Amino acid sequence: MAAWVEHTDVIIAQANLSQKLLLDMETGKRGYLLSGDPTYLQPYRSGEAQMDGALARLDTLVRDSLVQRRRVSDIQSLRAQWATDARAEIGRVVPGRGVSLPSAQDNHGKQLMDSMRAQFGAFIVEEEDLRAVRVEAARGRANAAIGIALLAALAGGSLLGLSARRQLQQLAAEFAEATATTRRQAQAIHESEERLRLTLDTALDAVINADAGGVITGWNAQAELIFGRTRAEAVGQALAETIIPEAYRDAHRRGLAHYLQTGEGPVLNQRIEIAALR
């Protein structure tokens with residue numbers, strides 16, 4: 001049973017690694033789009049080179065679970081869409097210059113990334129629930145070993161007691177290693193997310209993210225300076241009412257609805273100048 005617990009930990013670690021690669025790719029892409037500095041592409045290229053293999057290994061690890069394999073397949077499909085968009089965006093950048101991120105296009109990429117994160121979240125929750133069941137079973141085995149050791153000690157069976165003690169030591173070592181692996185993977189994901197946040201906060205342009213409902217989900221440091229609102233004040237507010245003049249709001253809402261339905265929009269991949277609210 002301890003081997004099954006270890007197998008589940010390997011699956012969770014592989015899922016966390018795959019998610020970290022996605023975050024590294026997103027961080028590198030955004031950094032390059034904003035700055036035009038090719039050095040930002042290093043984590044993107046590295047993640048791109050490893051991603052297919054990472055997801056293929058994850059699929060192999062869960063080959064006995066149709067539900068989990070379906071989730072991996074969904075992630076692979078979403079990742080392919082995201083990668084196609086990312087390559088097109090990167091190809092339009094003039095090195096050294098960077099581009100402004102069109103809000104609708106950025107929102108599409110964010111939707112794909114959010115969908116992948118949701119799939120990874122459901123995947124990991126499923127494995128953690130399974131791990132809890134297996135840990136409980138292993139704990140029962142450990143308790144049985146303790147009982148055998150006590151009986152052996154009472155009966156003078158030193159060899160049997162020594163065998164039980166070794167089983168307990170092995171279980172303790174396996175659990176300690178599994179816990180350390182999970183913590184390392186969680187820390188790696190946190191560091192990737194922090195790099196993405198720093199990339200956005202050091203950008204010279206205001207970068208604003210919004211969800212499909214038009215609610216602001218991201219607001220970098222430059223947006224705070226330009227629009228005079230803190231991140232805390234802006235996040236959670238409707239984009240239209242926050243920065244878009246009243247005369248343009250209906251057109252903005254129609255454009256967003258059209259984009260969400262078709263994936264197309266007249267202002268995508270273009271620099272435009274328009275008045276905004278402060």
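All residue numbers here refer to positions counted from 1 along the written sequence of the relevant chain. Where totals are concerned, whole chains, interfaces and linings use all residues; where local detail is concerned, this predicted model gives features only for residues with pLDDT of at least 70, and gives and counts side-chain atom pairs only at 80 or more. To get the side-chain values, all heavy atoms of the structure are used, and hydrogens and water are removed first.

## Remarks on the pattern of salt bridges
Okay, step 1: Should a side-chain nitrogen of Lys or Arg be within 4 Å of a carboxyl oxygen of Asp or Glu, the pair is scored as a salt bridge. On inspection of all chains with the given rule, the structure shows twelve salt bridges.
Okay, step 2: Across the salt bridge formed by Asp24 and Lys20, the nearest N and O atoms sit 2.8 Å from each other. Of the two residues, Asp24 and Lys20 both sit in helix H1 (residues 2-35), four residues apart, roughly one turn of that helix. The pair Asp24 / Lys20 is uniform in exposure class, with both members buried.
Okay, step 3: When the shortest N-O distance is used, the salt bridge between Arg253 and Asp250 registers 3.5 Å. Working definition: helices are DSSP H or I runs of at least four residues, strands are E runs of at least two. Numbering for both runs from the N terminus. Burial classes follow relative accessibility: with a 1.4 Å probe on protein chains only, a residue under 20% of its type's maximum area counts as buried, one over 50% as exposed, and anything between as partly exposed.

## Quick notes on the packing of helix H2 (residues 41-61) against helix H3 (residues 66-91)
When two helices pack together, their arrangement is given by the angle between the helix axes and the distance between those axes.
Okay, step 1: Relative orientation of the contacting elements H2 and H3 amounts to 160°, with a least axis distance of 11 Å. In terms of axis orientation, H2 runs roughly antiparallel to H3. In the crossing of H2 with H3, the sense of the turn from one axis to the other is left-handed. On the side of H2, the interface is formed by Leu41, Tyr44, Arg45, Glu48, Met51, Asp52, Leu55, Ala56, Leu58 and Asp59, while H3 contributes Arg69, Val72, Ile75, Gln76, Arg79, Trp82, Ala83, Ala86, Arg87 and Ile90.
Okay, step 2: A class-by-class count of the residues in the contact of H2 with H3 yields twelve nonpolar, one polar and seven charged. Note on method: axes are straight lines fitted to C-alpha atoms, helices fitted across the in-contact stretch only, with angles between N-to-C directions ranging 0 to 180 degrees. The cut-offs work like this: below 35 degrees is roughly parallel, past 145 is roughly antiparallel, 65 to 115 is roughly perpendicular, and the gaps in between are oblique. Crossings are sorted by hand: turned counterclockwise from the far helix by less than a right angle, the near helix makes the crossing left-handed, and turned clockwise it makes it right-handed. In what follows, residue pairs with any heavy atoms lying within 4.5 Å of each other are defined as contacts. Classes in brief: Ala, Val, Leu, Ile, Met, Phe, Trp, Tyr, Cys and Pro nonpolar; Asp, Glu, Lys and Arg charged; the others, Gly included, polar.

## Comments concerning H2
Okay, step 1: Compared with an ideal rise of 1.5 Å per residue, which puts 21 residues at 30 Å, H2 spans 30 Å between its outermost C-alpha atoms and is within 8% of the ideal.
Okay, step 2: Within H2 the residues assigned to the buried category are Leu41, Tyr44, Gly47, Met51, Ala54, Leu55, Leu58, Asp59 and Leu61. A helix is expected to span 1.5 Å for every residue after the first.

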